[in-house]
Amino acid sequence: MTTEPVATGGDPRRLLSDIRSLAHQVRLDQRMTWVALLVLGAVTLVGIPFDWLGMTVRCHPDTSCEFARQGVLYYWPPALLLAYAAIAVCYVRAARSRGLGARALPYAIAGAATTVVFTAAWIAAALYFPHHPLPQQPLPYWWLVLDRLVSPWSMIGIALVVLARVERNIGLLLFTLAYLALVLLALPMNEGWGLAGWALQARFAVPQVISGALLLGAAGFFRAARRRQR
């Protein structure tokens, strides 16, 4: 960006058009979309071994199994908070290098809030279900969608909606809506049930592996940013 004055010839409409064009360019220069997706995609994939190794599975002779995903609770809350802090720092540094103000605070707050919601929901479930049976079998579809909604990878998508609003980024909004549809509706809803031992752990890793598609989004937005800078 430059700070040189632009002659308008005394035309108010041209002046207004130039101001709008400059404001649009500022918004584009503030975007660090690919950084957010890269960090969150990496956090998602790194979380798989924590979930795998931190899951306790106890199977019965009738092939039914009980499991506790303690690795999720130990890994995701601090990992997400650190991720959002790192993203905010990257936004601030990039903005300062361009002489602009950073707008990452609403996104960082939304990320922290969704992390608290996810953590509270999983702790409540861990305390409730060992002493109470599931409501009915098979579980209704809405129950499975709600279970997916409070997963860390869904919470990432909800926070990305806030980032899309902050950046006024239609591309990110469309990408995020497709990502949430994939996580909530497209992936198999019975992953992890009816299997024993390591197969149970492997099945639970499937949604997380697919959620790593955030990295593909990061590559796409990075390429778009590079083209815009040329």
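Residues numbered from 1 in each chain as written. Predicted model: local features only at pLDDT ≥ 70, side-chain atom pairs only at ≥ 80, totals over all residues. Heavy atoms only, no water.

Asks: Looking at this model, I keep getting lost on the overall build of the chain. Mind explaining?
Replies: A tally of helices and strands in the chain yields 9 helices and 2 strands. For the chain, the succession of helices and strands along the chain, N to C, is α-α-β-β-α-α-α-α-α-α-α. Within the chain, the proportion of its 230 residues that are buried is 39%. Considering only intrachain contacts with a sequence separation of at least 6, the fraction spanning at least 24 residues in the chain is 74%. (Helix = DSSP H or I, 4+ residues; strand = E, 2+ residues; numbered from the N terminus. Buried < 20%, exposed > 50% of the residue type's maximum accessible area, 1.4 Å probe, protein only. Contact = heavy atoms within 4.5 Å.)

Asks: Any chance you could explain the nonpolar core here in plain terms?
Replies: If you look at soluble globular proteins, the nonpolar side chains tend to sit buried side by side. Judged by nonpolar contacts, the single largest core of 37 residues is most densely connected at Leu 40, Trp 76, Tyr 84, Tyr 107, Ile 156 and Leu 160. When residues of this core are assigned to their parent elements, the largest contribution, 11 residues, is made by helix H3 (residues 70–97). In this view, Leu 160 contacts Leu 37, Leu 40, Tyr 107, Leu 172, Thr 176 and Leu 214; residues no more than four positions away in its chain are not counted. (Core = buried A, V, L, I, M, F, W, Y, C linked by side-chain atoms within 4.5 Å.)

Asks: What am I meant to see in unusual backbone geometry here?
Replies: Trans peptide bonds make up the majority, and among non-glycine residues the majority have a negative phi. If you check the backbone angles, Arg 168 has positive phi at about 55° while not being a glycine. Tracing the sequence through the fold places Arg 168 in the loop between helix H6 (152–167) and helix H7 (170–186).

Asks: Looking at this model, I keep getting lost on the packing of aromatic side chains. Mind explaining?
Replies: Each aromatic ring pair is specified by the distance between its two centres and by the angle formed by the two planes. What the rule picks out here adds up to 7 aromatic pairs. Consider the rings of Trp 76 and Trp 153, whose centres lie 5.8 Å apart with planes at 65°: the pair is edge-to-face. Residue Trp 76 is found in helix H3, and its partner Trp 153 is found in helix H6; the two are separated by 77 residues along the sequence. By the burial criterion, Trp 76 is buried, and Trp 153 matches it. Judged by centre distance (5.5 Å) and plane angle (85°), the ring pair of Tyr 84 and Tyr 107 falls under edge-to-face. (Phe/Tyr/Trp six-rings, centres within 6.5 Å; stacked < 30°, edge-to-face > 60°.)

Asks: What's the story with the confidence of the model for the chain in this structure? I'm lost.
Replies: Note: predicted coordinates in regions of low pLDDT should not be interpreted at a detailed level. For the chain, the mean per-residue pLDDT works out to 75, and 66% of the residues sit at or above 70. Per-element mean pLDDT across the chain ranges from 51 in helix H1 (residues 12–30) up to 90 in H6. For the stretch residues 22–26, pLDDT sits under 50, and the model shows 4 contacts to residues farther than four places along the chain or on other chains. Low pLDDT, under 50, characterises residues 191–195; the stretch is placed with 13 contacts to residues that sit more than four places away or in other chains. (pLDDT = per-residue confidence, 0-100.)

Asks: I tried to follow the packing of helix H2 (residues 33–54) against H6 on my own but got confused; where do I start?
Replies: Two measures define how a pair of helices packs: the angle their axes make with one another and the distance between the axes. One can describe the packing of H2 onto H6 by two numbers: an axis separation of 12 Å at closest approach and a directional angle of 175°. Looking at the two axes, H2 sits roughly antiparallel to H6. Note on element contacts: H6 touches H2 through Ile 156, Leu 160, Leu 163 and Glu 167, opposite Thr 33, Ala 36, Leu 37, Leu 40 and Thr 44. The residue inventory of the contact of H2 with H6, partitioned by class, reads 6 nonpolar, 2 polar and 1 charged. (Axes fitted to C-alpha atoms, helices over the stretch in contact; angles between N-to-C directions. Parallel < 35°, antiparallel > 145°, perpendicular 65-115°, else oblique. Nonpolar A, V, L, I, M, F, W, Y, C, P; charged D, E, K, R; others polar.)

Asks: Please explain H2 as it appears in this structure.
Replies: Since the α-helix advances by 3.6 residues per turn, residues separated by three or four positions end up pointing in the same direction. Relative to the 32 Å expected for 22 residues at 1.5 Å per residue, H2 spans 31 Å between its end C-alpha atoms, a close match to the ideal helical length. The largest bend along H2 reaches roughly 25° and is located at Gly 47, with the proline Pro 49 sitting one to four residues downstream. Residues of H2 that are buried: Thr 33, Val 35, Ala 36, Leu 37, Leu 40, Gly 41, Val 43, Thr 44, Gly 47, Ile 48, Asp 51 and Gly 54. (Expected span 1.5 Å × (residues − 1). Bend = angle between axes of the 7 residues up to and from the residue.)

Asks: Explain a nonpolar patch on the surface here, please?
Replies: A surface patch of nonpolar side chains, amounting to about 360 Å² of accessible area, comprises Trp 142, Leu 146, Leu 149 and Ile 158. At 3 residues, the largest contribution of residues to the nonpolar patch is made by helix H5 (residues 141–149). Inspection of the secondary structure assignment puts Leu 146 in helix H5. (Patch = residues over 30% accessible without salt bridge, like charges linked within 9 Å, V, L, I, M, F, W, Y side chains within 5 Å. Areas by Shrake-Rupley, 256 points an atom, 1.4 Å probe, with all protein chains shown as cover. Salt bridge = Lys/Arg side-chain N within 4 Å of Asp/Glu carboxyl O.)

Asks: I'm lost on the packing of helix H4 (residues 105–128) against H6 in this one. Help?
Replies: Where H4 contacts H6, the two axes come as close as 9 Å, and the packing angle between them is 160°. One element, H4, and the other, H6, form an angle in the roughly antiparallel class. In this structure, H4 crosses over H6, and the sense of that crossing is right-handed. Contacts between H4 and H6 involve Pro 106, Tyr 107, Ala 110, Gly 111, Thr 114, Val 117, Phe 118 and Trp 122 from the first element and Pro 152, Met 155, Ile 158, Ala 159, Leu 160, Val 162, Leu 163 and Val 166 from the second. Of the residues assigned to the contact of H4 with H6, the class counts are 14 nonpolar, 2 polar and no charged. (Left-handed = near helix turned anticlockwise from the far one by under 90°.)

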